[in-house]
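Now for the letters of each chain:
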Amino acid sequence: MKLLGLFRHAKSDWQDPRARDFDRPLNPRGRKGAALLGRHIADSGAQWDHVIASPAIRCAETIEIACEAAQRPIAVNWDRRIYLASSATLADLLREQDDSFNAVLMVGHNPGLEDLIFDLVPDDGTSPLRDAVEIKFPTASYAVLELAIERWADLADNCARLTSLTRPRDLDPALGPEIA
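Residues numbered from 1 in each chain as written. Predicted model: local features only at pLDDT ≥ 70, side-chain atom pairs only at ≥ 80, totals over all residues. Heavy atoms only, no water.

A.B. asks: With reference to specific residues and values, describe the packing of helix α1 (residues 28–44) against helix α2 (residues 57–70).
C.D. replies: Running from N to C, α1 and α2 point in directions that differ by 55°, and their axes come no closer than 7 Å. Relative to α2, the element α1 is oriented oblique. At the point where α1 passes α2, the crossing takes the right-handed sense. In this structure, α1 uses R31, A34, A35, G38, R39 and A42 to contact α2, whose residues at the interface are E61, T62, I65, A66, A69 and A70. Of the residues contributing to the contact of α1 with α2, the split by class is seven nonpolar, two polar and three charged. (Axes fitted to C-alpha atoms, helices over the stretch in contact; angles between N-to-C directions. Helix = DSSP H or I, 4+ residues; strand = E, 2+ residues; numbered from the N terminus. Parallel < 35°, antiparallel > 145°, perpendicular 65-115°, else oblique. Left-handed = near helix turned anticlockwise from the far one by under 90°. Contact = heavy atoms within 4.5 Å. Nonpolar A, V, L, I, M, F, W, Y, C, P; charged D, E, K, R; others polar.)

Structure representation (structure tokens):
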């Protein structure tokens, strides 16, 4: 069995209309969410053998703030292919991982991360967490999937069980959806 963590970058800033999408930083709400999730991930006890992430500024800042809040530095393997990737691209990247890694954490973007969950976790009505992702996988969300595979190259549709889903609002209701 392999373990896969998916961590969506925290809420980014749209203040500068001239900034490239890749270069958008986190906004204050995103910084708070990244710190909160960083502490949560550390407290959950998950030990990630390998971390791969999009090098977009909002992902890099999410990781930096999360690690600082958790007081746990991590080595990150930056992979530009994660930036705005489709589920198929993310799955291909996972299939390339070394089998010595039993637990991989991927930090990236939607809709790719969300769609990857939909592809890997069967839509058979037995996963309330999958149903929650169908409603929304908001910024700074963190999901853990158990994969019924021995080798990363064997990653296939419907091979996973979603065992954990944490959204910022689950830890601090003030980080939930804004109500107009």
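A.B. asks: Outline the nonpolar core, listing residues and values.
C.D. replies: L94, M106, I117, L120, L145 and L147 are the most contacted members of the largest nonpolar core, which has 29 residues in total. Put simply, the parts of the chain that give this core at least two residues each are β1 (2–8), α3 (87–95), β4 (103–108), α4 (112–120), α5 (128–135), β5 (142–147) and β6 (160–166). A46, A53, C59 and L105 belong to the second largest nonpolar core, which has 17 residues in total. (Core = buried A, V, L, I, M, F, W, Y, C linked by side-chain atoms within 4.5 Å. Buried < 20%, exposed > 50% of the residue type's maximum accessible area, 1.4 Å probe, protein only.)

A.B. asks: Tell me about the sheet that holds β6, residues and numbers included.
C.D. replies: Strand order across the open sheet formed by six strands is β3-β2-β4-β1-β5-β6, with mixed pairing between neighbours. Each edge of the sheet is formed by a strand with only one pairing partner; in this case those strands are β3 (77–78) and β6. As defined by bridge partners, strand β2 (residues 50–53) adjoins β4 across four bridges and the pair is classed as parallel. If you follow I52 over to β4, its bridge partner there is M106. Here α2 sits on the sheet in contact with β1, β2, β3 and β4, set at roughly 125° to β4. The strands that α3 touches are β1, β2 and β4; relative to β4, the one it contacts most, it runs at about 145°. (Pairing = 2+ DSSP bridges.)

A.B. asks: For α1, give the residues involved together with the corresponding values.
C.D. replies: The terminal C-alpha atoms of α1, which comprises 17 residues, lie 24 Å apart, in line with the 24 Å expected from a rise of 1.5 Å per residue. Buried residues of α1: G30, G33, A34, A35, L36, L37, G38, I41 and A42, and no others. Packed against the buried residues of α1 are β1, α2, β5, β6 and α6 (168–171). Its side-chain oxygen at 3.1 Å from the backbone nitrogen of R29, N27 defines the N-terminal cap of α1. Where α1 terminates, the next one or two residues include G45, which has phi positive at roughly 85°. (Expected span 1.5 Å × (residues − 1). Polar contact = N/O pair within 3.5 Å; in protein donor to acceptor, adjacent residues only side chain to side chain.)

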